[in-house]
Amino acid sequence: APLIIGCDVREITSETLAIIGNEEVIAVNQDPLGVQAKKVRNYGERDVWAGPLSKNRVVILLVNRKDYNSTMTAYWSDIGIPANKIAHARDLWLEIPKDFLNFR
């Protein structure tokens, strides 16, 4: 699917440019499997989204619409991963591995 920029590119901020230029996020969006993620759990103002990627990978998106930081949990059963699997997580926005993510 094409990526569409919905802003005036003549007045784009460096923050917006960093977001739309994030190669890892674009790679998830353009994954060859082409399957859209779906909401798998709702905690009021917080959602967990998950979807399959190519090469037996899974994308998980934790959305917090609260005005403050909030702990969230993505359960293996919600995202279709067997309970005995070990996962490696990466925060694509900060571009660093996240060891504090708690997957069950």
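We now turn to the structure provided with this report. None of the values given here were measured: they were computed from a predicted structure.

Here the focus is the overall build of the chain. If you tally the helices and strands in the chain, you get 3 helices and 5 strands. Counted from the first residue to the last, the chain has its helices and strands arranged as α-α-β-β-β-α-β-β. Along the first, second and third principal axes, the C-alpha atoms of the chain reach 50 × 35 × 25 Å. Counting the 104 residues in the chain, one finds 15% classified as buried. Long-range pairs, those at least 24 residues apart, make up 37% of the contacts in the chain between residues at least 6 apart in sequence. Summed over its atoms, the accessible surface of the chain is roughly 8,100 Å², and 54% of this surface lies on carbon and sulfur atoms. Between the mean site of the 13 positive side-chain charges and the mean site of the 13 negative ones, the chain shows a separation of 10 Å.

As a further point, take the side chain of Asn-22. Position of Asn-22 among the secondary structure elements: in the loop between helix 1 (14-20) and helix 2 (23-29). Of the polar contacts made by the side chain of Asn-22, one reaches the backbone nitrogen of Glu-24; its length is 3.0 Å. There is a polar contact of 2.8 Å between the side chain of Asn-22 and the backbone oxygen of Leu-92. Here Asn-22 is in contact with Leu-92, Trp-93 and Glu-95, once residues within four sequence places are set aside.

As a further point, take the pattern of salt bridges. One pass over the full model with this rule turns up 6 salt bridges. In this structure, the salt-bridge partner of Asp-78 is Arg-41, at a minimum N-O distance of 2.5 Å. A residue pair is termed long-range when its members are at least 10 positions apart, and Asp-78 in helix 3 (residues 76-79) and Arg-41 in strand 1 (residues 38-42) qualify at 37 residues. Exposure remark for Arg-41: the relative accessible area of 30% places this residue in the partly exposed category. Salt-bridge contacts for Asp-47 lead to Arg-65; the nearest nitrogen and oxygen are separated by 2.6 Å. Residue Asp-47 is located in strand 2 (residues 46-53), and its partner Arg-65 is located in the loop between strand 3 (57-64) and helix 3; the two are separated by 18 residues in the primary sequence.

Analysis parameters
Residues numbered from 1 in each chain as written. Predicted model: local features only at pLDDT ≥ 70, side-chain atom pairs only at ≥ 80, totals over all residues. Heavy atoms only, no water. Helix = DSSP H or I, 4+ residues; strand = E, 2+ residues; numbered from the N terminus. Buried < 20%, exposed > 50% of the residue type's maximum accessible area, 1.4 Å probe, protein only. Contact = heavy atoms within 4.5 Å. Areas by Shrake-Rupley, 256 points an atom, 1.4 Å probe, with all protein chains shown as cover. Lys, Arg positive; Asp, Glu negative; His and termini not counted. Charge placed at Lys NZ, Arg CZ, Asp CG, Glu CD. Polar contact = N/O pair within 3.5 Å; in protein donor to acceptor, adjacent residues only side chain to side chain. Salt bridge = Lys/Arg side-chain N within 4 Å of Asp/Glu carboxyl O.

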